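# An overview of the molecular structure
Listed below, chain by chain, are the residues.
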Amino acid sequence: MKRLLATNISKIMKFIDIGANLTDPMYQGIYNGSAKHEPDLPHVLERSWTGGLDKIIITVGTLADCAPTFEIVKNDERLFATVGCHPTRCGEFVPDPEGYFASLCQQIEQHREKVVAIGECGLDYDRLQFCDKAIQQQYFEKQLELAAKYDLPLFLHCRNAHDDFAAILQRNRDKLPRRGVVHTFDGSLEVAEALIADGYAIGINGCSLKTEENLSVAAKIPDESIMLETDSPWCEIRPSHAGSKYVRSKYPTVKKKEKWEAGSLIAGRCEPVMISQVLEVLAGIKGKPVAELAEQYYKNTTEMFFPAKHSD
């Protein structure tokens, strides 16, 4: 069996992954509709805890994600969730807007101790084939009512839509005292600075660190405004990415069909344990110790999503 390589980072640092899609079929061994290996989410989680993860927030992108998500988190005090509707899925509101909204409310109320954010919500103009601009805008703004109603921060998505995204947040700013985080950030420094000025944090994962331009932007984002994530099973740091030259922790992988056995990491499938690599890239581009940054990013995340625990 392939063995996870231990790193000094995981032994001394604590991490919180603010965005992991653990209901994705890949963790059930299913890829593009075809079963390739046995379900292995328990192994994925065990690697996470061994690798330094203290908490994981599972991303919900549609009402249908809620049941499997809360089944995963219910018996583990380290697992939490968002509740919301991804911009590309906002068409689900249309047949019965009030009913869909009420169902989201019901999910939050039934699992109040596990829900730490509203989302994933926002705007995605790169994939308008799934949902047009007007529908996205209408139901992004509608979901802000959830954040206000339940006093929760936002877990936000923005792709090629900053002006409209910012305008919607700005006109609702008085009802959003807890703000939130813009995850998988890959925009310009100007956009990052505008979001930070309005109280939002910046989520960084492998997709935020692909190009030299990405690295230049990330290097200049204040540490007090950064949170770490993996967006598993997506957004791994690949050898072709500019950020890969700063990666120190290595995770041996196998091909999903040919060589899988219990405990294997799968080539091309990101896992929460790989959050250490995101930290290493940030430390490399900023020229700062990993321990210093890990402590700051953990603090940032705890203050936003787990304020009662932080105050203790």
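Residues numbered from 1 in each chain as written. Predicted model: local features only at pLDDT ≥ 70, side-chain atom pairs only at ≥ 80, totals over all residues. Heavy atoms only, no water.

On to the nonpolar core, then. Nonpolar side chains in soluble globular proteins generally cluster together in the buried interior. By size, the foremost hydrophobic cluster in this structure holds 76 residues, and its most contacted members are Phe140, Leu154, Leu156, Phe165, Leu169, Phe185 and Leu282. Ranked by residue count, the leading element in this core is helix H9 (residues 275-286), at 7 residues. The residues touching Phe140, leaving out its near neighbours within four places in the chain, are Cys121, Gly122, Leu123, Leu156, Phe165, Ile168 and Leu169. By size, the runner-up hydrophobic cluster in this structure holds 14 residues, among which are Ile16, Ile57, Val116 and Ala117. (Core = buried A, V, L, I, M, F, W, Y, C linked by side-chain atoms within 4.5 Å. Buried < 20%, exposed > 50% of the residue type's maximum accessible area, 1.4 Å probe, protein only. Helix = DSSP H or I, 4+ residues; strand = E, 2+ residues; numbered from the N terminus. Contact = heavy atoms within 4.5 Å.)

This part takes up the state of the cysteines. Formally, a disulfide is one covalent bond, and it connects the sulfur atom of one cysteine to the sulfur atom of another. Using the criterion set out here, one finds 1 disulfide in the structure. The residue that forms a disulfide with Cys207 is Cys235, at a sulfur-sulfur distance of 2.3 Å. The S-S bond linking Cys207 to Cys235 shows a torsion near -100°; that makes this disulfide left-handed. Here Cys235 lies in the loop between strand E10 (226-228) and strand E11 (253-254) and Cys207 lies in the loop between strand E9 (201-204) and helix H8 (212-220), a separation of 28 residues in the sequence. Each member of the pair Cys207 and Cys235 is classed as buried. In this structure Cys85 is a free cysteine whose sulfur lies 4.2 Å from that of Cys90, the closest cysteine sulfur available. Since its relative accessible area comes to 0%, Cys85 is described here as buried. The thiol of Cys270 is unpaired, and the distance to the nearest cysteine sulfur, on Cys235, comes to 7.4 Å. The class of Cys270 is buried, set by a relative accessible area of 3%. (Disulfide = S-S within 2.5 Å.)

Okay, the pairing of strand E7 (residues 154-159) next. Burial analysis of E7 places 6 of its 6 residues in the buried class, the great majority of the element. The pairing of strand E6 (residues 115-124) with E7 spans 6 bridges and is classified as parallel. When the bridges of E7 are listed, Ile118 appears paired with Leu154. With respect to chirality, the unit in which E6 leads through helix H5 (residues 133-150) into the neighbouring parallel E7 is right-handed. By the bridge criterion, 3 bridges tie E7 to strand E8 (residues 180-182) in an arrangement that is parallel. Within E8, the residue paired with Leu156 across the bridge is Val182. On the question of chirality, the crossover connecting E7 to the parallel E8 by way of helix H6 (residues 162-171) is right-handed. (Pairing = 2+ DSSP bridges. Right-handed = clockwise from strand over helix to strand, strands pointing away.)

Counted under the stated rule, the structure contains 19 salt bridges. For the salt bridge of Arg269 with Asp40, the shortest nitrogen-to-oxygen distance reads 2.8 Å. With a gap of 229 residues between them, Arg269 in the loop between strand E12 (265-266) and H9 and Asp40 in the loop between strand E3 (34-35) and helix H2 (41-50) connect regions that are remote in the sequence. For the residue pair Arg269 and Asp40, the accessibility class agrees, reading buried in each case. One salt bridge in this structure joins Arg127 and Asp124, with 2.8 Å as the shortest N-O distance. What makes Arg127 partly exposed here is its relative accessible area of 33%. With relative accessibility at 1%, the residue Asp124 sits in the buried group. Here the salt bridges do not stand alone but share partners, grouping Asp40, Arg47, Arg269 and Glu271 into one network. (Salt bridge = Lys/Arg side-chain N within 4 Å of Asp/Glu carboxyl O.)

This paragraph deals with the UniProt feature "binding site: a divalent metal cation 2" (unreviewed entry) in the chain. Mapped onto this numbering, the UniProt entry gives "binding site: a divalent metal cation 2" (unreviewed entry) at His157 and His183. Across 27 residues in sequence, these annotated residues keep their C-alpha atoms within 6.0 Å of one another, forming a single compact spot. Mapping His157 onto the fold places it in strand E7. Not counting the four nearest positions on each side in its chain, His157 is found in contact with His86, Pro87, Glu120, Cys121, Gly122, Leu123, Asp124, Arg127, Phe165 and His183. Following the sequence through the fold, His183 ends up in the loop between E8 and helix H7 (189-197). Look at His183 and you get buried, because its relative accessible area is 2%. Within the local environment of His183, its side chain forms a polar contact with the side chain of Glu120, the two groups lying 2.8 Å apart. (UniProt positions renumbered as here; feature names shortened; annotations may be inferred. Polar contact = N/O pair within 3.5 Å; in protein donor to acceptor, adjacent residues only side chain to side chain.)

On to the UniProt feature "binding site: a divalent metal cation 1" (unreviewed entry) in the chain, then. Feature annotation in UniProt places "binding site: a divalent metal cation 1" (unreviewed entry) on Glu120 and Asp231, given in this structure's numbering. Spanning 112 residues, the named residues nonetheless gather at one spot, since no C-alpha pair among them exceeds 11.4 Å. Mapped onto the elements, Glu120 comes out in strand E6. The class for Glu120 is buried, based on a relative accessible area of 6%. Not counting chain neighbours up to four residues away, the residues in contact with Glu120 comprise Thr59, Val60, Thr82, Gly84, Cys85, His86, Pro87, Phe155, His157 and His183. For Asp231, a relative accessible area of 10% gives the class buried. The residues contacting Asp231, other than those within four sequence positions of it, are Asp17, Gly19, Asn21, His183, Thr184 and Asn205.

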